[in-house]
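In case you want the letters, here they are:
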Amino acid sequence: MLSPPEQRTPRPQGKHSTEGCRGRGALALQPCEGLGTREPQEGAAPGGHSSPLPGGTPKGATVGRVGVSHRLPGPAWGSPHTAPLPLLPCPYWSCWLPPSLAGSPSPGVWLAPTPRHEAALPLPLPLPFPSQMLVLMGLVLCLAPADALTAFPPKFQVGKLNGNVVLKCNTSEQQVTWKQNGDPELMAEVDPKGQTLTIFGLDLPATGNYSCWAGTALLDATYLVVSRPREKRMNVSCQAESYYGSFHCSWTGPHSAVFRARLTHSDGSLGEWVPATGRRGQFNASFLDPSFCPFAEELRPLELHLEGLSDTSYLNFSTSFFIRNIVRPDPPQELTVQRQGEQLHLAWAPPASWPLPKSYFALLYRLQYELPNGTQVDKYVEGAEETQTQERAQRVRISCQDPYTNPAWSPWSAWQDVDAA
């Protein structure tokens with residue numbers, strides 16, 4: 001019986017031939033111009049929108065877009081010291097404020113798109129504090145982008161906050177028109193000239209998808225985001241099941257982000273971008289280094305580059321590692337248990353994913369027996385795939401590791417009942 005092993009001398013690698021190690025193929029916001037007022041038709045929202053309320057729009061309802069008043073130092077909300085702020089963007093659809101939130105005895109307020117020429121008025125909120133918070137929360141929801149990112153855009157540009165950005169339309173057309181998130185009304189101060197669009201003082205409302213058009217024909221699109229400091233640390237975890245050069249990585253990020261990843265191979269070449277899959281802030285991607293040879297010594301670490309886009313910001317991070325330091329074998333397979341008199345005979349096979357020959361890619365095995373009193377006993381076996389024991393075990397399981405690298409035991413195999421054997 002072997003005791004838990006000490007760190008072994010690294011497997012000699014430099015003298016082995018690399019012959020036979022052949023390359024493997026790698027794996028719409030609308031700008032709210034103002035609070036216009038008009039009498040809606042009974043039973044319908046203004047501008048052709050159908051009423052979401054049973055029975056249609058109440059009589060006497062006020063219609064218009066939403067402005068927000070900014071409270072300057074003074075007596076109270078709605079006082080002469082109240083000044084209008086720039087108006088918030090709202091989506092196409094209408095929404096309804098009941099009388100209890102409208103701050104007046106009127107039947108309510110319709111919040112709906114209004115033409116550009118209508119007057120812009122701030123929406124007074126002479127409400128108790130909780131009601132004010134409800135209204136403001138509703139307005140904040142209006143600020144959500146019209147189309148959340150679901151895949152990494154083919155073309156994007158990163159700009160500095162409050163800086164100027166120049167977007168270029170990749171076309172032979174000399175004059176184009178621009179839209180932001182599908183809206184011809186851009187949420188920024190801009191200067192369109194020929195095939196370029198200059199955005200002054202980039203801020204978060206000015207981010208998003210900018211598309212250039214020739215009439216009704218889409219010519220090009222660029223997703224614009226704001227830069228942020230380079231990530232100094234991210235929780236990135238990578239794991240390989242063997243020495244064939246394939247592995248997978250996982251990491252955490254913002255829930256609204258999309259990521260892609262790229263690998264610098266062991267020979268220094270740069271791989272293609274790989275789209276990452278993600279769900280609820282957990283992201284992962286799989287990679288293959290086609291130049292990796294399991295018999296050769298690793299002289300250069302692999303470098304992993306991550307790029308991410310949230311609705312408004314750009315993220316990037318890099319890390320490096322050797323394959324030998326992230327190997328965690330799969331569990332051994334085909335564990336069998338036989339009683340031979342007072343002894344148990346156990347046999348097994350290495351993981352199917354583990355490379356050959358066995359003499360070079362040796363494994364250290366750990367057998368765990370569970371005794372009738374619940375005690376668990378470990379036994380270590382190296383360089384063999386069978387053993388005998390006199391332990392009066394009820395069940396057995398097995399795991400393994402590469403004894404020449406940093407210890408990383410495989411997951412356990414399923415328990416094997418001795419009585420069933």
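Residues numbered from 1 in each chain as written. Predicted model: local features only at pLDDT ≥ 70, side-chain atom pairs only at ≥ 80, totals over all residues. Heavy atoms only, no water.

**Student:** What am I meant to see in the pairing of strand β26 (residues 395-401) here?
**Tutor:** For a regular strand, side chains alternate in direction, first toward one face of the sheet and then toward the other. Burial analysis of β26 places six of its seven residues in the buried class, which makes it a mostly covered element. Looking at chain direction, strand β23 (residues 364-370) and β26 are connected through seven bridges and run antiparallel. In the sheet register, Y365 faces β26, and the bridge partner there is C400. Two elements, β26 and strand β27 (residues 416-417), share two bridges in a ladder whose sense is antiparallel. For R395, the partnering residue across the bridge sits in β27 and is D417. (Buried < 20%, exposed > 50% of the residue type's maximum accessible area, 1.4 Å probe, protein only. Helix = DSSP H or I, 4+ residues; strand = E, 2+ residues; numbered from the N terminus. Pairing = 2+ DSSP bridges.)

**Student:** Got a minute to help me understand the packing of aromatic side chains in this structure?
**Tutor:** Each aromatic ring pair is described using two quantities: the centre-to-centre distance and the angle formed by the ring planes. Taken as a whole, this structure holds 14 aromatic pairs when the rule is applied. Here the aromatic rings of W251 and F283 are separated by 6.4 Å at their centres, their planes lie at 15°, and the arrangement is stacked. Taken together, the residues span a long stretch of sequence, with W251 in strand β14 (residues 246-252) and F283 in strand β18 (residues 282-288) at a distance of 32 residues. Taking relative accessible area as the criterion, W251 reaches 1% and is therefore assigned buried. On the basis of relative accessible area, F283 is assigned to the buried category, the value being 5%. Centroid distance Y380 to W409: 6.0 Å. Interplanar angle 50°. Geometry classified as tilted. Of this pair, Y380 sits in strand β24 (residues 376-382) while W409 sits in the loop between β26 and β27, placing them 29 residues apart in sequence. This pair shows no difference in class: Y380 is buried, exactly as W409 is. Feature note: the residues Y243, F295, W354, Y360 and F361 constitute an aromatic cluster, connected by ring pairs. Sitting over the ring of W273, R260 keeps its end group 4.2 Å from the ring centre. The aromatic ring of W409 is capped on one face by R366, whose charged end is 4.4 Å from the ring centroid. (Phe/Tyr/Trp six-rings, centres within 6.5 Å; stacked < 30°, edge-to-face > 60°. Lys NZ or Arg CZ within 6 Å of the ring centre and 35° of its normal.)

**Student:** Any chance you could explain the side chain of R397 here in plain terms?
**Tutor:** Topologically, R397 is positioned in strand β26. Buried and without a salt bridge, R397 has D378 as its closest oppositely charged side chain, separated by 7.1 Å. Of note is the side chain of R397, whose polar atom sits 2.8 Å from the side chain of Q368. When sequence neighbours within four positions are dropped, the list of residues in contact with R397 reads L335, R366, L367, Q368, Q376, W412, S413, A414 and W415. (Lys, Arg positive; Asp, Glu negative; His and termini not counted. Salt bridge = Lys/Arg side-chain N within 4 Å of Asp/Glu carboxyl O. Polar contact = N/O pair within 3.5 Å; in protein donor to acceptor, adjacent residues only side chain to side chain. Contact = heavy atoms within 4.5 Å.)

**Student:** I'm lost on the sheet that holds strand β12 (residues 217-226) in this one. Help?
**Tutor:** Whether parallel or antiparallel, the strands of a sheet pair through hydrogen bonds between backbone atoms. Pairing in this open sheet of four strands is mixed, and the strands run β6-β12-β11-β8 from one edge to the other. Unpaired on one side and paired on the other, β6 (156-159) and β8 (177-180) mark the two borders of the sheet. Averaged over all pairs of adjacent strands, the angle between their axes in this sheet comes to 30°, without regard to strand direction. Of the strand pairs in this sheet, strand β11 (residues 208-214) and β12 are connected by seven bridges, and their pairing is antiparallel. Note on β12: the bridge partner recorded for G208 is L224. (Axes fitted to C-alpha atoms, helices over the stretch in contact; angles between N-to-C directions.)

**Student:** Where do I start with the sheet that holds β26 in this structure?
**Tutor:** Pairing within the open sheet is antiparallel, and its four strands lie in the order β24-β23-β26-β27. The sheet terminates laterally at β24 and β27, the two strands that pair on one side only. Direction of pairing for β23 relative to β24: antiparallel, over a ladder of seven bridges. Directly across from L364, in β24, lies its bridge partner E382.

**Student:** I keep staring at the pattern of salt bridges and nothing clicks. Help me out?
**Tutor:** Counted under the stated rule, the structure contains six salt bridges. The salt bridge involving K358 is made with E385; its shortest N-O contact spans 3.1 Å. Linking K358 in the loop between β22 (343-349) and β23 with E385 in the loop between β24 and β25 (386-389), this pair joins segments that are 27 residues apart in sequence. Look at K358 and you get partly exposed, because its relative accessible area is 46%.

**Student:** Would you mind showing me how to read the state of the cysteines here?
**Tutor:** A covalent bond between the sulfur atoms of two cysteines is referred to as a disulfide. The tally for this structure, following the rule as stated, stands at two disulfides. Covalent S-S linkage joins C169 and C212, the inter-sulfur distance amounting to 1.9 Å. What sets the handedness of the C169 and C212 disulfide is the S-S torsion sign, and at about 70° it is right-handed. Of this pair, C169 sits in the loop between β7 (165-168) and β8 while C212 sits in strand β11, placing them 43 residues apart in sequence. The buried category is assigned to C169, whose relative accessible area is 0%. Overall, the relative accessible area of 1% leaves C212 in the buried class. Two residues, C238 and C249, share a disulfide whose sulfurs are 2.0 Å apart. Between C238 and C249, the S-S torsion sits near 110°, and that sign places the bridge as right-handed. Here C238, found in strand β13 (residues 237-239), pairs with C249, found in strand β14; they are 11 residues apart in sequence, far enough to count as distant. Just as C238 is buried, C249 falls in that class too. (Disulfide = S-S within 2.5 Å.)

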